[in-house]
Amino acid sequence: MLPESATSAESIADPKLGSVVDRAIARRYGESGGEAFGISRERFQSIVAAVVVRYGAGFSEPEKVALVESLRVEELVLARACSAGVEAAWDAFLARYRAALHSTALRLTHDEATARELAGELSADLYGIPNSEGRRVSKLDYYMGRGSLEGWLRTVLAREHIDRCRSHRNDVSIEEQIENGVSFAQPDAPLAAETDGRVGAAIAETLAELKAEERFLLASYYLDQRTLAEIGRQMGVHESTVSRKLDRLTSALRKRVRWRLQSAGVAARRCDELLQDLDVRTINVDVAGKLKQAGSSKQESTAGTF
Amino acid sequence: MKQVEPNPLQRELARGPQAGPHPDADLLTGFAEGSLLEREREEIFLHLAGCAECRELLSVAMGAVAKPVDESKPFLVARSSRSPVRTWLPWASVAAGIVLVCTVGLLYRQRLEMQEPAGTENTAETLTASQPMPPAPADRGSMGTVSAAKPNAGKLKNVEPEQDANEMTPAAEETTDDAKQTDASGQNSQSEAASAGAASDKATAVAQAPTQAQARSQVEAQARPQPQVQAKAQAQAQFESQPQAQAQVEPAPAFAAREPARALGKLSVAAASARPNWRIDSTGAVERSFGEGVWQKVLTDEKTKMRVVSVSNSEVWAGGENARLYHSADGGDTWTLIQLPQKNGRDHAIVHISFQTRQAGVVQADDGTSWSTADGGVSWK
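Residues numbered from 1 in each chain as written. Chains lettered and ligands numbered in written order. Predicted model: local features only at pLDDT ≥ 70, side-chain atom pairs only at ≥ 80, totals over all residues.

Undergrad: Would you mind going over the sheet that holds strand β10 (residues 361-365) of chain B in detail, with residue names and values included?
TA: Residue and element names in this part refer to chain B. Overall, antiparallel pairing links the 3 strands, which are arranged β9-β10-β11 in an open sheet. Unpaired on one side and paired on the other, β9 (350-355) and β11 (370-373) mark the two borders of the sheet. Recorded for the sheet is a direction-independent mean angle of 15 degrees between the axes of neighbouring strands. With 4 bridges connecting them, β10 and β11 associate as antiparallel partners. Of the residues in β11, the one forming a bridge with Val362 is Ser372. (Pairing = 2+ DSSP bridges. Helix = DSSP H or I, 4+ residues; strand = E, 2+ residues; numbered from the N terminus. Axes fitted to C-alpha atoms, helices over the stretch in contact; angles between N-to-C directions.)

Structure below.
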């Protein structure tokens, strides 16, 4: 018997998704294994409907069906059963994810003690902390089954790790800052003025024409200085594929920028001089400073959903 | 602090459009695992292109993936996707190379064996002291005979093969009348004794040459239908004086036609077993062997140290200290002591024997003294 602790996502779920989507949800109940954890068919319908409502706003019916079919319903049911306090679900969860949680934390922190601490904190959040009403709220309620539960735990751990690093960075004492020589550090130098405004304009226009994936590739490679393997892992493709895409992309980018510059009346030789520095990988660039600038500005303007 | 180096592309990328709300951990995970719908994926790409924070989060999270699952997969797939042909092709090439080398080696060896008789028919064998010497077909000499061996010296256990060989040798005798006979000096008889075994194999092969050539010509003649008649006629002409021997050696035509190679092999073995090898041991004694490692001394009454043995067919010459020179015309069964005329005293040792033909030869001593004969050793000057 599940407790009354329904998640906020489920409470706002619209049960009227259409007969096609409902049938698609009903079809997936059998493979969810909800019966083993005491989750009824109706309860399962409600859980999945909440996911569809959350992510499928504006989706067509076939897209909603595709969304339902792409869900990890078994792990979604396990997460909901755990947050509901079902012992069997917790046993299954710990058996499957406890070791993975610790090993992921260790790969993130590269330190046994820190990894133990990080994994312990997340485990407590997953088990649930009583709220002001005395009802336990588990972080597993936020899992929606869009990816694997292990991958979700990894992402949550990574975010916790990044937050801890940022918070610990602010804990440095004044003495340590003086010792490290950063107490009197000069502020970041402003970006130097462009030598030729036409180049920036041509690049901006060209970048605006690119697809989102191409902009992500360029940003990851040229701005974040990620390796091909890292980008490949993020996109789920092999690094050689990333390399080929980048080669094609930069080649096309050069051609388009050059065409724009020549259209603006820039001589061919001058175009070559201006585009000489387009490959920023060979230039010493303070990417971290720029990322910090961009991050702080966006953090103020956007609010996280997690 | 690093000095910022402006770059147009980087600057414009950083100035990109502001990203919307951050996707949650579910969407980022689904994006990395490829489980999102296409439109969702596009939205995440759009956000990531303008959000360094989410790019960092995604990179850190995906960097914590266990590597065997993520990075080794393409490697393993690439390895396992190798076609079976590509897997065994290198080994097959190596095996083919080995087979080719072995085949060429065998053919080369066979060719050498085939060529050796032709090359040695007109050349006498030259062995120094302690080297085994092959025998030659019997050629009875006409000089006064001094039996230098015991009665059982020539009665070795390979008597029958020897008889076969002698019966086959008249043809070779005819063809080798003009044979050039050379000898070898026995200066280093002591040290060369150690290499007697290795030399004996080669000497045996060379010594078998005339008989092998005859046997091969017979068998080939019998094996080929058309040349068979011609070869048989030649063989009959050659062996006219030894009809019985030919009858013994020549296999039945039917058998020869079916298995010429086997017949040739049998003949070669029979001929080889009848041909003794020669050497001079460390004590200076001349020894003869018919194979199987059994060496028997000849010239047992001779106490003088022999230094050189020269063999051509059945003609065997042995020379040693005190100008002692022996001659056997029957392959070592009987020996004749040759009295060389005195030159510069009697203490020189014969170290070199060379016969241009059966009749004409030169014997040389270690001090340079030489004797020559033009009548097969009857007279020397």
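Having put the structure on the table, let's press on.
Undergrad: Residue-level account of helix α12 (residues 212-223) of chain A, with values.
TA: Residues and elements named next belong to chain A. Counting buried positions along α12 yields 9 of 12 residues, so the element is predominantly enclosed. Considered for burial, the residues of α12 that qualify are Arg215, Phe216, Leu217, Leu218, Ala219, Ser220, Tyr221, Tyr222 and Leu223. Downstream of α12 by a residue or two, Gln225 has a phi angle that is positive, lying close to 60 degrees. (Buried ≥ 20, exposed ≤ 12 C-beta atoms within 10 Å, placed from the backbone.)

Undergrad: So what's going on with helix α4 (residues 52-63) of chain B? Residues and values would help.
TA: With 12 residues, α4 of chain B should cover 16 Å at 1.5 Å per step; its first-to-last C-alpha distance of 16 Å lies within 8% of that length. Burial in α4 of chain B covers these residues: Ala52, Glu53, Cys54, Arg55, Leu57, Leu58, Val60, Ala61 and Met62 of chain B. (Expected span 1.5 Å × (residues − 1).)

Undergrad: Kindly report on the nonpolar core, identifying the contributing residues and their values.
TA: Counting 86 residues, the largest nonpolar core has Val48, Val52, Val68, Leu78 and Ala81 of chain A as the members making the most contacts within it. Top contributing element to this core by residue count: helix α4 (residues 41-55) of chain A, with 8 residues. Ignoring sequence-local partners within four residues, the contact set of Val48 of chain A consists of Ile25, Val68, Leu71 and Val73 of chain A. If you look at the next biggest cluster of nonpolar residues, it comprises 26 residues, including Val308, Ala323, Tyr326 and Trp371 of chain B. (Core = buried A, V, L, I, M, F, W, Y, C linked by C-beta atoms within 7 Å. Contact = placed C-beta atoms within 7 Å.)

Undergrad: Break down the packing of helix α11 (residues 197-209) of chain A against helix α14 (residues 239-263) of chain A for me, with residues and values.
TA: Residues and elements named next belong to chain A. Where α11 contacts α14, the axes come no closer than 9 Å and their chain directions differ by 130 degrees. On the basis of the axis angle, α11 is oblique to α14. As α11 packs across α14, the resulting crossing turns out to be right-handed. Contact residues: Arg198, Val199, Ala202, Ile203, Glu205 and Thr206 in α11; Leu253, Arg256, Val257, Arg260 and Leu261 in α14. (Parallel < 35°, antiparallel > 145°, perpendicular 65-115°, else oblique. Left-handed = near helix turned anticlockwise from the far one by under 90°.)

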